[in-house]
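# Close look at the chain arrangement
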Amino acid sequence: MTYLSSNQLKQYEDEGFVSPINIFSKDKAKQIRDEIELIEKEMPGELEKSGRYNAHLISPLLDEVTHNPKILNAVESLIGENILVCGTTLFIKNPNEKGFVSYHQDAKYIGLEPLNWVTAWVAITDSNEHNGCMRMWAGSHKDNLKKHDQKFNEGNLLTRGQTVKNVPKDETTPLILTAGQMSLHHPTVVHGSDLNKSDDRRIGFVIQSYIGSNIKQVLGKNGVQIARGKDEYNFHETIGRPKSLMDKKDLKIKKQENDNLQEIFYKGSSKKGTY
Ligand SMILES: O=C(O)CCC(=O)C(=O)O
């Protein structure tokens, strides 16, 4: 079934992203932010470095976002009715830190094939040009995978500092979102983001990614959750959903998933970065 409008579908097809899409209220976004900040306070380091992955496995509110029917409706319009979640990432940029994201294509090192998958970037705080929102090189998803330099540079929030050269930055589109809105982007659209120059945090909760049940992980293994429909192929192990915050058993599962993810992200690399 198609839930996105024909204009939104056209935007995805022509430009490689759809934005903005309203999902939940600012109040709900604040509750989610509070839950993230509670985890940070109670378990310092748990959401840092490789710990920023798969926080939905230990946080009932992030789990609820991951399985939000409005998000799944939009995702269904792009990848079909059988939808699996194969991971999430918290992209947090604190004020006065040097965090940025170099221009890259998600499909380069993630091992998900074929490309019937999509990434949802959900704004937990407002995200705009001042605090370093994502910027998309519209139409770049129509090309093949590009060469990425591996820079491992300071402040880069990507594992290898993977960087596509010669991106026309002045022509990129800023994805301006208010807290509770989301964007969806294609696996091969080139995108990145600049520094946070505001005096508050910029928090994006990214479902990376929603995959069709026909998708294989060719570089390692990913546990998945069935978000909608059925898993017709059973290529992956299924993992459960958290019932309470920071449950010991769930923390262990998160750690195991993140160790597996590190193997995937650094496959073939002789060097490891911070994340
Ligand atoms: O949050 C950001 O600034 C970048 C996120 C990103 O690259 C992604 O979601 O694929």
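For the structure, see preceding data.
All of the points below concern the structure found in this document. Bear in mind that the values here come from a model prediction, so they are computed numbers and not experimental data. (Residues numbered from 1 in each chain as written. Predicted model: local features only at pLDDT ≥ 70, side-chain atom pairs only at ≥ 80, totals over all residues. Heavy atoms only, no water.)

A word on empty space enclosed by the protein. Under the criterion given, the structure shown has three cavities of 30 Å³ or more. Taken together, 24 residues form the lining of the largest cavity, with Phe91, His104, Asp106, Leu158 and Gln208 sitting closest to its centre. Broken down by secondary-structure element, the contributors of at least two residues to the lining of the largest cavity are strand 3 (88-93), strand 4 (101-104), helix 5 (107-110), strand 12 (190-193) and strand 13 (202-212). Of the residues belonging to the lining of the largest cavity, the class tally is 11 nonpolar, 10 polar and three charged. Taken together, 15 residues line the second largest cavity, and the ones lying closest to its centre are Cys86, Gly87, Gln208, Leu261 and Phe265. Secondary-structure elements contributing two or more residues to the lining of the second largest cavity are strand 3 and helix 6 (248-265). For the lining of the second largest cavity, the leading source of residues is helix 6, giving four residues. Looking at the lining of the second largest cavity, its residues break down into seven nonpolar, seven polar and one charged. (1 Å grid on protein atoms, 1.4 Å probe; cavity = no way out; pocket = protein on both sides within 12 Å on 5 of 7 lines; lining within 4 Å. Points joined across faces, edges and corners; volume = space filled by probe spheres on them. Helix = DSSP H or I, 4+ residues; strand = E, 2+ residues; numbered from the N terminus. Nonpolar A, V, L, I, M, F, W, Y, C, P; charged D, E, K, R; others polar.)

It is worth spelling out the sheet that holds strand 7 (residues 134-137) at this point. Within the open sheet, the four strands sit side by side as 4-12-7-10. Their pairing is antiparallel. The outermost strands of the open sheet, each flanked by one partner alone, are strand 4 and strand 10 (173-174). Direction of pairing for strand 7 relative to strand 10: antiparallel, over a ladder of two bridges. Note on strand 10: the bridge partner recorded for methionine 136 is threonine 173. (Pairing = 2+ DSSP bridges.)

With that settled, consider the packing of aromatic side chains. Throughout the structure, instances matching the rule amount to two aromatic pairs. Judged by centre distance (5.6 Å) and plane angle (50°), the rings of tyrosine 53 and phenylalanine 265 are tilted. Of this pair, tyrosine 53 sits in the loop between helix 2 (26-42) and helix 3 (60-66) while phenylalanine 265 sits in helix 6, placing them 212 residues apart in sequence. Taken as a pair, tyrosine 53 and phenylalanine 265 share a single burial class, namely buried. With 5.4 Å between their ring centres and 25° between their planes, tyrosine 233 and phenylalanine 235 make a pair best called stacked. You can call tyrosine 233 partly exposed: its relative accessible area is 43%. The ring of phenylalanine 91 is capped by arginine 52, whose NZ or CZ atom sits 5.0 Å from the centre of that ring. (Phe/Tyr/Trp six-rings, centres within 6.5 Å; stacked < 30°, edge-to-face > 60°. Buried < 20%, exposed > 50% of the residue type's maximum accessible area, 1.4 Å probe, protein only. Lys NZ or Arg CZ within 6 Å of the ring centre and 35° of its normal.)

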